[in-house]
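Survey of secondary and tertiary structure
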Amino acid sequence: MLTIALAGHLCVDLTPDLPGTPRLVPGELVEVGPLGVALGGCTANTARALAALGHPVSVHAAVGDDELGRVARDGLTDPLVRPALEVRAGATSYSVVVQPPGADRVFWHHTGANATFDGAGLDVTGLDLLHLGYPALLPALLADDGRPLAALLGRARAAGATTSVDLVVVDRQTDVGRLDWRSLLERACAQTDVLSPSLDDLTSTLGLPAPAGATEVLALADELADQLLAWGVAVVLVTLGDQGALLRVAGAERLAAGGRALAPLAARWAGASLHLPALAVERTTTTNGAGDASSAGLLHALSLGAGPEAAARLARACAAAVVSGVTPDAGHVAALDPDLAALLGVGPAPAAPLPLPPNQPRARFYAGGERLATFRGQATWEPHTPEDWVGSVTTVRGEVTTGLTRLPSGELLREAVERDPVGWLGAAHAARWGADPQLLVKLLDAGQRLPVHVHPDDAFAARHLGAAHGKAEAWHVLEPGVVHVGLRRAVAPGELARAVAEQDDAALLDLLHEVPVAAGDSVLVPPGTLHAVGEGVVLVEVQQPEDLSILLEWRGFAIDGRVHGHLGLGFDTALTAVDPRVLDEEALARLVVRGRPAPGLASGLAAGAEAWFRLEEVAVGGPSGPADVELEDGFAVLVGVEGDVVATGSGGCTPVARGATTLVPAAAGRVRLTGRGRVLVARPPRP
């Protein structure tokens with residue numbers, strides 16, 4: 001996929017729920033509904049839509065050092081979105097979104113820190129595409145007749161990137177509105193490869209009257225698109241509200257000079273001109289963010305190498321998804337326009353293994369993440385991202401989508417499995433468990449020792465939490481250290497509760513066995529077993545698909561355990577999930593499997609683990625082993641441990657190098673591993 005950076009306007013949207021058209025009568029109290037607080041603006045909206053489509057992006061914008069700045073910094077939580085926000089002294093930009101039922105919205109906007117954003121700190125090296133949003137709300141870029149704006153775009157183009165710009169309605173009664181916008185826009189267009197404004201954006205920017213009817217709308221859109229191409233833009237997509245969208249494209253020579261995103265498409269896109277009517281939606285929920293979603297669809301289509309009609313259709317469908325109140329992911333978009341299903345990879349489970357990008361929830365309560373980046377061969381990492389959730393249909397507890405795996409198509413794995421459980425999980429599995437994979441895999445980097453904690457069993461989880469599973473887990477060690485597992489002595493009545501109440505971490509840790517572990521070792525942790533992972537350990541974890549942890553200690557961690565440590569049950573109830581039995585040395589030894597297999601052989605987990613999940617390390621190649629290994633069919637998650645291995649299913653293949661994570665649908669059949677290296681194969685229990 002293309003490397004895309006989104007830069008420019010970012011704000012916090014404050015949206016009161018309005019029962020009707022608001023009245024502004026001095027001294028009058030007006031009853032309204034709850035206040036919605038969300039991150040908005042071009043960069044945030046476009047980032048969310050691109051991430052929903054499965055496309056990673058970075059976001060570059062300025063926020064203030066106030067409370068709304070914290071909201072903005074905390075709002076970019078999708079693992080596919082990398083925030084690069086500049087914190088400035090002063091207020092964060094915000095918009096009060098006034099949207100009465102059945103009417104278009106009005107914005108009461110404060111520019112705030114956006115006034116200082118000039119893009120000077122944005123590193124364009126290696127970028128394939130730079131998308132700049134709402135320059136009219138970025139005064140620093142408009143100084144000196146817009147030369148900083150043209151300079152930023154020119155710098156990106158000089159580095160080989162494709163430049164993209166989205167406009168916004170200009171208030172002609174403001175200082176910004178009184179600028180010479182025709183001159184500003186003409187100068188910017190000379191450095192812009194893709195422009196995706198609405199017709200309202202263009203008419204307000206150029207000081208033109210709004211067209212009166214449908215015929216006039218199309219005629220004016222045609223005229224303005226021609227003008228924008230004459231000023232130097234290569235691709236123009238003008239959204240027309242209920243009249244759809246107009247796409248106009250320059251000639252092949254201009255496209256060939258359009259940077260890494262456009263140049264490869266020059267022959268297919270040259271001279272394209274089309275008008276698409278609007279997609280019908282069952283209900284209109286909001287128009288806020290629809291234009292940004294349209295831009296995201298266009299950019300994603302460029303990344304996929306789509307043709308001009310498919311690109312315009314994807315842009316249109318993404319906007320329609322937002323208008324109808326759903327996320328513009330591959331599944332929802334393909335439902336709105338089924339002809340896009342093939343482009344987005346939506347359909348039955350594929351017959352080939354699928355590579356997965358990192359899926360690391362942000363702001364976890366313990367440190368880590370650097371060693372996962374090293375394991376994957378990545379140069380950068382974020383603090384407090386110690387877990388990568390692989391093949392996940394499970395959310396972080398209390399979250400709506402955080403933790404869920406997105407497929408390369410952008411569709412959520414959970415939705416794909418629900419649509420085709422047999423293709424993804426196999427007929428026997430689906431007959432017993434339906435669309436429940438019965439498995440979650442994580443990569444974990446303990447940047448600090450994890451707190452002593454415990455997970456409930458199935459019965460406790462069902463009785464007290466209404467959950468479908470408890471949480472058994474097992475670890476396969478990638479980097480050595482120590483782990484702490486199971487009670488080594490009997491605990492007197494009330495002793496555990498006192499240690500928790502007093503936060504006596506030394507006493508809690510002293511209750512547990514300390515177990516040195518080396519790379520290749522595995523440890524089974526049944527439900528109810530107290531445990532902790534030592535600092536520096538890196539491991540692959542297989543577990544039942546729930547996020548259920550009871551924390552016995554939290555001092556020194558970024559979490560208030562008195563509030564969040566007991567799953568909302570209170571510690572009197574939560575601590576009954578602990579198995580009070582002593583784990584003697586013999587029983588402990590049965591939970592630990594030591595060492596790595598010889599080439600061509602497999603080692604797994606301790607006896608009994610197969611009731612919850614399966615995990616084995618498979619060695620491929622080498623002087624004494626076979627050149628390939630055939631796996632049994634069925635749903636699986638592969639993690640590359642070392643070497644270079646290729647996984648081939650009935651419909652294609654994918655590399656599984658060190659640090660790579662790969663999803664194997666049942667539809668792929670009996671996957672063959674070739675090459676030389678070691679691969680972890682995680683599976684659900686046998687049906």
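Before any of the text, the structure's been laid out above.
Residues numbered from 1 in each chain as written. Predicted model: local features only at pLDDT ≥ 70, side-chain atom pairs only at ≥ 80, totals over all residues. Heavy atoms only, no water.

Some points on the overall build of the protein
Of regular secondary structure, the protein possesses 23 helices and 32 strands. A globule of 687 residues ought to have a C-alpha radius of gyration of about 26 Å, and the protein, at 27 Å, matches this closely. Along the first, second and third principal axes, the C-alpha set of the protein runs to 85 × 65 × 45 Å. Residues counted as buried form 55% of the 687 residues belonging to the protein. Counting only contacts in the protein whose residues sit at least 6 apart along the sequence, the fraction spanning at least 24 positions is 73%. With the model as given, the accessible surface of the protein reaches about 26700 Å², and the carbon-plus-sulfur share is 54%. (Helix = DSSP H or I, 4+ residues; strand = E, 2+ residues; numbered from the N terminus. Rg over C-alpha atoms; globule rule 2.2 N^0.38 Å. Buried < 20%, exposed > 50% of the residue type's maximum accessible area, 1.4 Å probe, protein only. Contact = heavy atoms within 4.5 Å. Areas by Shrake-Rupley, 256 points an atom, 1.4 Å probe, with all protein chains shown as cover.)

Looking at the sheet that holds strand E7 (residues 106-110)
Taking strand neighbours across the sheet as the criterion, the four strands line up as E3-E2-E6-E7 in an open arrangement whose pairing is mixed. Two strands close off the open sheet at either side, each with one partner strand: strand E3 (35-40) and E7. Sheet twist, expressed as the mean angle between neighbouring strand axes with direction ignored, is 20°. Sitting on the sheet, helix H1 (residues 41-52) is in contact with strand E2 (11-16) and E3, with an inclination near 85° to E3. (Pairing = 2+ DSSP bridges. Axes fitted to C-alpha atoms, helices over the stretch in contact; angles between N-to-C directions.)

Notes on helix H3 (residues 139-158)
When the terminal C-alpha atoms of H3 are compared, their 24 Å separation across 20 residues is substantially less than the 28 Å that a helix rising 1.5 Å per residue should span. Residue Asp145 marks the point of greatest curvature in H3, where the axis turns by about 125°; the proline Pro148 follows within four residues. Considered for burial, the residues of H3 that qualify are Leu141, Leu142, Gly146, Leu149, Ala150, Leu152, Leu153 and Ala156. Gly160, located one to two residues past H3, shows a positive phi value of around 95°. (Expected span 1.5 Å × (residues − 1). Bend = angle between axes of the 7 residues up to and from the residue.)

Side note on the packing of aromatic side chains
Per the stated rule, a full pass over the model turns up four aromatic pairs. Each ring, one from Phe365 and one from Tyr366, has its centre 5.3 Å from the other, and the planes form 65°; the classification is edge-to-face. Of the two residues, Phe365 and Tyr366, both sit in the buried class. Look at Phe365 and Phe557: their rings are 6.2 Å apart centre to centre, the planes differ by 75°, and that puts the pair in the edge-to-face class. With Phe365 in the loop between strand E14 (354-356) and helix H14 (370-376) and Phe557 in the loop between strand E24 (550-551) and helix H21 (561-564), this residue pair connects regions lying 192 residues apart in the sequence. With a relative accessible area of 11%, Phe557 lands in the buried category. Each residue in the set Phe365, Tyr366 and Phe557 is aromatic and connected to the rest through ring pairs, giving one cluster. (Phe/Tyr/Trp six-rings, centres within 6.5 Å; stacked < 30°, edge-to-face > 60°.)

Thoughts on the sheet that holds strand E25 (residues 592-593)
Strand order in this open sheet of six strands is E15-E16-E23-E18-E21-E25, and the pairing throughout is antiparallel. Every other strand in the sheet has two partners, leaving strand E15 (387-390) and E25 as the edge strands with one partner each. By the bridge criterion, two bridges tie strand E21 (residues 522-525) to E25 in an arrangement that is antiparallel. Across the sheet, the residue bridging to Ser522 is Val593, located in E25.

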